[in-house]
Amino acid sequence: MSAQTLYDKLWNSHLVRQDADGTALIYIDRQLVHEVTSPQAFEGLRLAHRLPWRSASMLAVPDHNVPTANRAAGIADPISRLQVETLDANCKEFGITEFKMGDIRQGVVHVIGPEQGATLPGMTVVCGDSHTSTHGAFAALAHGIGTSEVEHVMATQCLVAKKSRAMLVNVEGVLGKGVTAKDIALAVIGQIGTAGGTGYAIEFAGSTVRNLSMEGRMTLCNMAIEAGARAGMIAADDTTFAYLKGRPFAPQGEQWEQAVAGWRDLHSDAEAVFDATLEIDAAAIRPQVTWGTSPEMVTSIDGRVPDPLAITDAVKREGAERALAYMGLKANTPINEISIDKVFIGSCTNGRIEDMRAAAAVARGKQVAPNVMLAMVVPGSGLVKQQAEAEGLDKIFIAAGFEWRDPGCSMCLAMNDDKLAAGERCASTSNRNFEGRQGQGGRTHLVSPEMAAAAAIAGHFVDVSKI
Amino acid sequence: MEKFTKINGLVVPLDRANVDTDAIIPKQFLKSIKRSGFGPNAFDEWRYLDHGEPGMDNSKRLINKEFVLNQPRYQGAQVLLARENFGCGSSREHAPWALEDYGFRVIIAPSFADIFFNNCFKNGLLPIKLPTDTVEALFKAEAANAGFKLAIDLEAQTITQPDGTVYAFEVDSFRRHCLLNGLDDIGLTLQHLDEIKAFEARHRAAQPWL
Ligand code: SF4
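Rules used throughout
Residues numbered from 1 in each chain as written. Chains lettered and ligands numbered in written order. Predicted model: local features only at pLDDT ≥ 70, side-chain atom pairs only at ≥ 80, totals over all residues. Heavy atoms only, no water. Helix = DSSP H or I, 4+ residues; strand = E, 2+ residues; numbered from the N terminus. Buried < 20%, exposed > 50% of the residue type's maximum accessible area, 1.4 Å probe, protein only. Contact = heavy atoms within 4.5 Å. Areas by Shrake-Rupley, 256 points an atom, 1.4 Å probe, with all protein chains shown as cover. Lys, Arg positive; Asp, Glu negative; His and termini not counted. Charge placed at Lys NZ, Arg CZ, Asp CG, Glu CD. Axes fitted to C-alpha atoms, helices over the stretch in contact; angles between N-to-C directions. Parallel < 35°, antiparallel > 145°, perpendicular 65-115°, else oblique. Left-handed = near helix turned anticlockwise from the far one by under 90°. Nonpolar A, V, L, I, M, F, W, Y, C, P; charged D, E, K, R; others polar. Pairing = 2+ DSSP bridges.

A. Here's a closer look at the overall build of chain B. Helix and strand content of chain B: 8 helices and 7 strands. Its C-alpha atoms give chain B principal-axis dimensions of roughly 60 × 45 × 25 Å. Here chain B holds 210 residues, and 59% of them are scored as buried. Looking at chain B alone, contacts between residues at least 24 apart form 63% of all its contacts between residues at least 6 apart. Only carbon and sulfur atoms are counted for the fraction: they give 52% of the accessible area of chain B, which is about 8500 Å². Taken as two groups, the 24 positive and 28 negative side-chain charges of chain B have centres that lie 3 Å from each other.

B. Geometry of the packing of helix α3 (residues 94-102) of chain B against helix α4 (residues 114-121) of chain B. All names here are of chain B. Orientation of α3 relative to α4, taken along the N-to-C sense of each, is 50 degrees, at an axis distance of 9 Å. As judged from the angle between their axes, α3 and α4 are oblique. Classified by chirality, the crossing of α4 by α3 is right-handed. Each of Ala 95, Pro 96 and Leu 99 in α3 lies in contact with α4, whose residues at this interface are Phe 116, Asn 119 and Cys 120. In terms of residue class, the contact of α3 with α4 is made up of 5 nonpolar, 1 polar and no charged.

C. Inspection of helix α2 (residues 39-47) of chain A at higher detail. Taken as a whole, α2(A) has its buried residues at A:Pro39, A:Gln40, A:Ala41, A:Phe42, A:Gly44 and A:Leu45. Count one or two residues on from α2(A) and you reach A:His49, which has phi positive near 55 degrees.

D. Spatial organisation of the sheet that holds strand β15 (residues 342-345) of chain A. Residues and elements named next belong to chain A. Across the sheet, 5 strands lie side by side as β17-β16-β15-β18-β19; this open sheet has parallel pairing. Each having just a single partner strand, β17 (403-404) and β19 (443-446) make up the two edges of the open sheet. Of the pairings in the sheet, the one linking β15 to strand β16 (residues 374-377) comprises 4 bridges and is parallel in character. Each bridged residue has a counterpart across the sheet, and for Val 343 the counterpart in β16 is Ala 375. Each of β15, β16 and β18 (425-428) is contacted by helix α16 (residues 449-458), which is oriented at about 150 degrees to β15, the strand it contacts most.

E. Representation of the packing of helix α13 (residues 353-363) of chain A against α16(A). All names here are of chain A. Two numbers describe how α13 lies on α16: the axes approach to 8 Å, and their chain directions differ by 30 degrees. For the element pair α13 / α16, the angle class is roughly parallel. Where α13 crosses over α16, the two elements pack in a sense that is right-handed. Every residue of α16 that contacts α13 at Asp 355, Ala 358, Ala 359, Val 362 and Ala 363 is listed here: Pro 449, Glu 450, Ala 453, Ala 454 and Ile 457. When its residues are assigned to classes, the contact of α13 with α16 shows 8 nonpolar, no polar and 2 charged.

This is a description of form; function is not addressed.
Below, the structure is given as structure tokens:
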């Protein structure tokens, strides 16, 4: 057989059938479920008198609507509460494993899948959520789907799909001080744009990627969707296996050995051909900060807010003008002079233990600046929270003036009570800086956890590599 | 799903690139456990001047008269003319539900985000990709002609302007077939039940931990 990319291998090993026009049925190993995009799918099953094909392939968790403070009081908003209760009832009715709000294992769906070993190399993973690309870090084919597709996978264990093209993003070299996987992701998006990966499945490779921890790899794949690619993926190696070993849903004993032996083949062959290739020099990447209302509107901490007048493309220029008006920024303002009102550290992009550690290392012994009204740290799961507390990170944050919250999506999209008020400016470790994403009129700047913590202390963006 | 064959629909221009699904339907409306009723909140933050929450009486809210969908000449529009990368961001199917519920049947843009594009077809909404300069020509033609309509024929894969100019467009044959006949994907897939079962048996025997 000719040389294959990792994507080819994953695709071929799940291909149930393919029509002449390329429309295929691919088998789905794991479906993750959350409360926002599933109620209509369950309702559809009921209306058609269908049952889930394989309930054991599903794992459910409420995350978008859950409160991050005073959980004992339950969910105050009746509409949010109903959505979470609907998930509970559906999981009970159809026999689906669910980590409910009070469960220590509850958390953001893309944090708990890997944490439980429910995401494994060689799997196909779907979820009614675009950041499902996160799970590709485990050499899985993972992407977000719509609610009709959620229902389709529930009912048939298959997805109707057409193969994407394959893009290789090859990152070589050593990252500079204070530069993280988040900065690689933002730098790539800055280079190719939010539509640059549309129609592609991206494989991240190269020495820099191999040297990332699983947390860093997940951050990178998480943001593939912001580059327009439904799926991001990374070859499996010893780092992958070491992370997964012993996790509750991972194979154990003899099966573990058998699984790892098979997983060792989950990489692109040396001669594999990609439809597009991007070479990135890791050493050239500096800490990134977005200035606009799309993740591609990004520059480094050394940069300035761009001047729309200097942009020749008319659609881009208008986009930049609109973004600056929304963000309340003046052209040519140095990024490190932009002061902030709030800080959010968390989300499926940067809510893992390593992110907590990195932010705590910056915050240790310091104080949140007086102009910062709220700096909140929201662990990605109950287990991340527990681990962080065992390491004393909560104490570091609290002593520095941060709030230490319960796990969930929180101010990443502000479906619960954690929101920005109109005009408030936030340094956020999440993944989207769209208008209104963190609250109507709220202004989001995407950064790494280190940069967010440093901005909280300084009251404005600062170069974390210099502190 | 509603069948789509042909329409002759009023066109409304939305002249901005990278319109994301958060903008098409803001998150607070995602709390609904239903599939319908999102139309009045499509583009909520652009359509209204006050903050919208589920359950509000939208007829009592402050209308943003500047926003294109609120202009009298565009009432009843069925065709949304848009720019690059329409529907980017979140995978929420609530976005096509909101557009469909509002009354749109067709969206024309130079490019769409993948998941959104896919979701449209599942909801009787036809997304059409046209070359950037054709889209630009349509924006110009619309601006010059009040009441500008386009006749869209999915069977023939053509768009016809009032002056008789015809543009051809491409649609994936499987999706076209489903849309023309209002077919349910799940029913179609279950026709391959035996193949799925055979695949599953092999696949899980080789990887018993799955
Ligand atoms: S943390 Fe944010 S991006 Fe991630 S699943 Fe939750 S809402 Fe979506």
